[in-house]
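# Inside the fold
These are the residues of each chain, in order.
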Amino acid sequence: MTTHPTSHSTSLPTELFTKECSEECPEACAGFVSLVGAGPGDPDLLTVKALRVIQHAQVLVYDRLVSQAILDLAPQNAERIYVGKQLDFHCVPQDQINQILVDKAREGKRVVRLKGGDSFIFGRGGEELEVLADNQIAYDVVPGITAAAGATAYAGIPLTHRDHAQSVQFITGHLQKDGQPINWQSLAQSNQTLVFYMGLKQSPHITEQLLNAGLSGDTACAIIERGTTAQQRVYRGNLATLPQLAQQAESPALIVVGSVTSLHEKLKWFKG
Ligand SMILES: C[S@@+](CC[C@H](N)C(=O)[O-])C[C@H]1O[C@@H](n2cnc3c(N)ncnc32)[C@H](O)[C@@H]1O
């Protein structure tokens, strides 16, 4: 039986990923999954390593937020499998996505599991890797630029700033669905930045909880819609007006709470 690198291997999985299956390289005949973060939208934010891996993919399993420009980087004959999800509507159930990854890898394919942003930030990347590990499928992880980093950078909003915020928290807006209850007291602190992913629909609840926990209604906020793309829009307001602001915005969007957002007017540079 051919052995191939596992998560515990000391070999370089991406080197293997880019090799063709042959007598000289029998390891490359075993399937392999590369979990790749595609970044927040602008295709130029893809890492060099992600580009290399995508260019050698035989199967692409990709989500809704991955742009066409990035999909076009894969070989024309690569199999493309869309498993995108939308709010409250899973095109392909997570179990089935996991099974596709296992099945394609077992066929001996070089599989790229392509996700928007970074796979480990609200991307279920960890869950998918657990399934691969349980099934002894070799894999690696190529990190991507998460939306909070990319969209705020393009909006001229520094996540930390010595005069404004000494810490930053990323929070899911799927408050009921994604696990443990939120500790609102820990969020309602001054001198920090809060970034809510998937928070548009929940903005009235987020506002109410933050106000109840003691954050001022005057706290500056921003919503960044389709960050880093030509369609990027930035809405500015404060915590008290956040729900009204959210009604104007469309998904995908981030809610950023904290005084760093007031720097947008001065630091904005991206024309879209
Ligand atoms: C399921 S999460 C995936 C996050 C992704 N793994 C990441 O690291 O950015 C999807 C949410 O990310 C945020 N998001 C992703 N791309 C975005 C963009 N270009 N602009 C603003 N928000 C974005 C939105 O809040 C969206 O609802």
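Structure: above.
Below or above, wherever it landed, is the structure these notes cover. Predicted, not measured: the structure shown is a model, and the values here were computed from it.

Conventions adopted
- Residues numbered from 1 in each chain as written.
- Predicted model: local features only at pLDDT ≥ 70, side-chain atom pairs only at ≥ 80, totals over all residues.
- Heavy atoms only, no water.
- Pairing = 2+ DSSP bridges.
- Helix = DSSP H or I, 4+ residues; strand = E, 2+ residues; numbered from the N terminus.
- Axes fitted to C-alpha atoms, helices over the stretch in contact; angles between N-to-C directions.
- Contact = heavy atoms within 4.5 Å.
- Near = heavy atom within 4 Å.
- Polar contact = N/O pair within 3.5 Å; in protein donor to acceptor, adjacent residues only side chain to side chain.
- Areas by Shrake-Rupley, 256 points an atom, 1.4 Å probe, with all protein chains shown as cover.
- Salt bridge = Lys/Arg side-chain N within 4 Å of Asp/Glu carboxyl O.

## Here we look at the sheet that holds strand β6 (residues 110-115)
Taken together, five strands build an open sheet; the order of strands is β3-β2-β6-β1-β7 and the sheet is parallel. One side of each edge strand has no neighbouring strand; the edge strands of this open sheet are β3 (79-82) and β7 (138-142). Ignoring which end each strand starts from, the neighbouring axes of this sheet average 20° apart. Of the pairings in the sheet, the one linking strand β1 (residues 32-37) to β7 comprises five bridges and is parallel in character. Of the residues in β7, the one forming a bridge with Val36 is Val142. This element, helix α4 (residues 94-106), spans β1, β2 (59-62), β3 and β6 of the sheet and lies at about 155° to β6.

## Some details on the site of the ligand
Around the ligand there are 17 residues in total, and Pro40, Ile121, Thr146, Gly227 and Ala253 lie nearest to it. Between an oxygen atom of the ligand and a main-chain N or O atom of Ala147, the distance comes to 2.8 Å. Met198 places a polar main-chain atom, nitrogen or oxygen, 2.8 Å from an oxygen atom of the ligand. Look at the ligand: alone it shows 560 Å² of surface, and the protein chains cover 89% of it.

## Describing the pattern of salt bridges
Taken as a whole, this structure holds ten salt bridges when the rule is applied. A salt bridge links Arg226 to Glu250; its shortest N-O distance comes to 2.9 Å. With Arg226 in the loop between β10 (220-225) and β11 (233-238) and Glu250 in the loop between α9 (242-248) and β12 (253-257), this residue pair connects regions lying 24 residues apart in the sequence. Between Glu265 and Arg236 there is a salt bridge, with the nearest N and O atoms lying 3.7 Å from each other. Of this pair, Glu265 sits in helix α10 (residues 264-267) while Arg236 sits in strand β11, and the two are 29 residues apart along the sequence.

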